[in-house]
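Descriptive analysis of the structure
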Amino acid sequence: NAVLTKPLMFDSTETAVVEAALKLCSGKAIINSINLEDGRKTIDPKARLAKKYGAGLVALTIDEKGQADTAEWKFEVAQRIYDIVVNEYGIPPCDLMFDPLVFPVSTGQEQTRKSALATFEAIKLIKQRLPGCLTHVGLSNCSFGLSPYSRQVLNSVYLHYAIEYGLDSAILHASKIIPLASIDEKGKEICRRLLFDERAFDAGGNCIEDPLQMLIEHYADK
C-alpha cells in the first residue's frame, strides 16, 4: 500500500507495469519511453496512460528505419511523435521530452564522427520548431570506451555545448562532471574539435590530426 511521493521516471516495455507504478505515484511521473520503431505500437498505449495520469513522456528518435543518426532524421521522427502526442492526444508539449540519442564519438568509426554535431543540431531544431517541448540525453554514451578521466572531460565538454544548443536535461553522474573552468585549455580544445569533427587532412585526403587520438594521448597519464 505504499505511495510514491517524489517525481519518478518509470521504465518498462509493459504497459500494465507502467500503469501499476503510476497508480502509486502522487507526484509528477515520467514514462520512459516511446518511439516509432514498431510504428505506433508503443506510443498509443503509453500516450493514453500519460493523458490519464498527467505524466510526462520521454520520446526516443527511433523510427521504422532504425535509430536516427542525422539532425534532419532525428527532427523528422520528433515531429511525427509530436503530432501524435500533442495534436492527437492533447498532451501539453512541456510533458514531452525528446531524446535525440547520443552516439559515441570515441570509436574512431567514420559513421559516428559527426554524431555529436548531429545531436546538437537536432536539439536546436526541436527547441526551435516544436516550442514548449523539452530535450533530454543519456550523456555518457558519447565517451564509451575511453579511459575514465578522458570520459569525464569529454562528457563535461559535451554537456557544455549541448546546453548551448538548448538541452534541458541529461542522465549523468553529477560527481563526474568537471566544471569547464577546471579543465585545461588544451584538453577543452581537443574535445571541442572531436565533438565538431574538426580533423586535419593533407592534400591527399589523409588525416594528419585526429582529435580522438590527440585526446587519448593528452590524458594518457591521468
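Everything in this summary refers to the structure shown in the same document. (Residues numbered from 1 in each chain as written. Predicted model: local features only at pLDDT ≥ 70, side-chain atom pairs only at ≥ 80, totals over all residues. Heavy atoms only, no water.)

With that settled, consider the packing of helix α1 (residues 15–23) against helix α2 (residues 43–53). One can describe the packing of α1 onto α2 by two numbers: an axis separation of 10 Å at closest approach and a directional angle of 10°. The angle between α1 and α2 falls in the class roughly parallel. Taking contact as the criterion, the partners of Thr15, Val18, Glu19, Leu22 and Lys23 in α1 are, on α2, Pro45, Lys46, Leu49, Lys52 and Tyr53. Its residues placed into classes, the contact of α1 with α2 shows five nonpolar, one polar and four charged. (Axes fitted to C-alpha atoms, helices over the stretch in contact; angles between N-to-C directions. Helix = DSSP H or I, 4+ residues; strand = E, 2+ residues; numbered from the N terminus. Parallel < 35°, antiparallel > 145°, perpendicular 65-115°, else oblique. Contact = heavy atoms within 4.5 Å. Nonpolar A, V, L, I, M, F, W, Y, C, P; charged D, E, K, R; others polar.)

Attention shifts here to the packing of aromatic side chains. If you walk through the whole model with that rule in mind, you get five aromatic pairs. Ring plane angle 45° and centroid distance 5.6 Å describe the contact between Phe120 and Phe196, whose orientation is recorded as tilted. Linking Phe120 in helix α4 (residues 115–129) with Phe196 in the loop between α6 (185–195) and β9 (200–201), this pair joins segments that are 76 residues apart in sequence. This pair shows no difference in class: Phe120 is buried, exactly as Phe196 is. With a centroid separation of 5.2 Å and an interplanar angle of 70°, the aromatic rings of Tyr149 and Tyr219 are classed as edge-to-face. You can see Tyr149 sitting in helix α5 (residues 148–164) and its partner Tyr219 sitting in the segment after α7 (211–218), a full 70 residues away along the chain. By relative accessible area, which is 2% here, Tyr219 ends up buried. Among the aromatic side chains, those forming a connected cluster through ring pairs are Phe120, Tyr158, Tyr161, Tyr165 and Phe196. (Phe/Tyr/Trp six-rings, centres within 6.5 Å; stacked < 30°, edge-to-face > 60°. Buried < 20%, exposed > 50% of the residue type's maximum accessible area, 1.4 Å probe, protein only.)

Glancing now at the sheet that holds strand β6 (residues 96–99). With respect to topology, six strands assemble into an open sheet ordered β1-β2-β3-β6-β7-β8, the strand pairing being parallel. On the outer flanks of this sheet lie β1 (8–11) and β8 (169–171), each paired with one strand and no other. For this sheet, the mean angle separating the axes of adjacent strands, direction not counted, is 25°. (Pairing = 2+ DSSP bridges.)

Estimates place the volume of the largest pocket at around 180 Å³. Together, Leu139, Ser140, Pro148, Arg151, Gln152, Asn155, Ile171, Leu172, His173, Lys176 and Ile177 line the largest pocket. No other element matches the four residues that α5 contributes to the lining of the largest pocket. Within the lining of the largest pocket, the residues separate by chemical class into five nonpolar, four polar and two charged. (1 Å grid on protein atoms, 1.4 Å probe; cavity = no way out; pocket = protein on both sides within 12 Å on 5 of 7 lines; lining within 4 Å. Points joined across faces, edges and corners; volume = space filled by probe spheres on them.)

Next up on the list: the side chain of His136. With respect to the helices and strands, His136 occurs in strand β7 (residues 134–138). One polar contact links His136 to Ser169, side chain to side chain, over a distance of 2.8 Å. Each residue touching His136, except ones within four places of it in the same chain, is listed here: Val58, Met97, Phe98, Asp99, Pro100, Leu167, Ser169, Ala170 and Ile171. (Polar contact = N/O pair within 3.5 Å; in protein donor to acceptor, adjacent residues only side chain to side chain.)

By the bridge criterion, four bridges tie β1 to strand β2 (residues 29–34) in an arrangement that is parallel. Counterpart to Met9 in the pairing with β2 is Ile30.

Bringing α6 into the picture now. Within α6, burial applies to Gly187, Lys188, Ile190, Cys191, Arg193, Leu194 and Leu195. The elements touched by buried residues of α6 are α4, α5, β9, β10 (207–209) and α7. Asp197 sits one or two residues past α6 and shows a positive phi near 50°.

With respect to burial, β2 is a largely interior element, five of its six residues being buried. With α1 bridging β1 and its parallel neighbour β2, the resulting β-α-β unit is right-handed. With four bridges connecting them, β2 and strand β3 (residues 56–60) associate as parallel partners. Its bridge partner being in β3, Ile34 is matched across the sheet by Ala59. Each parallel crossover has a hand, and the one from β2 via α2 to β3 is right-handed. (Right-handed = clockwise from strand over helix to strand, strands pointing away.)

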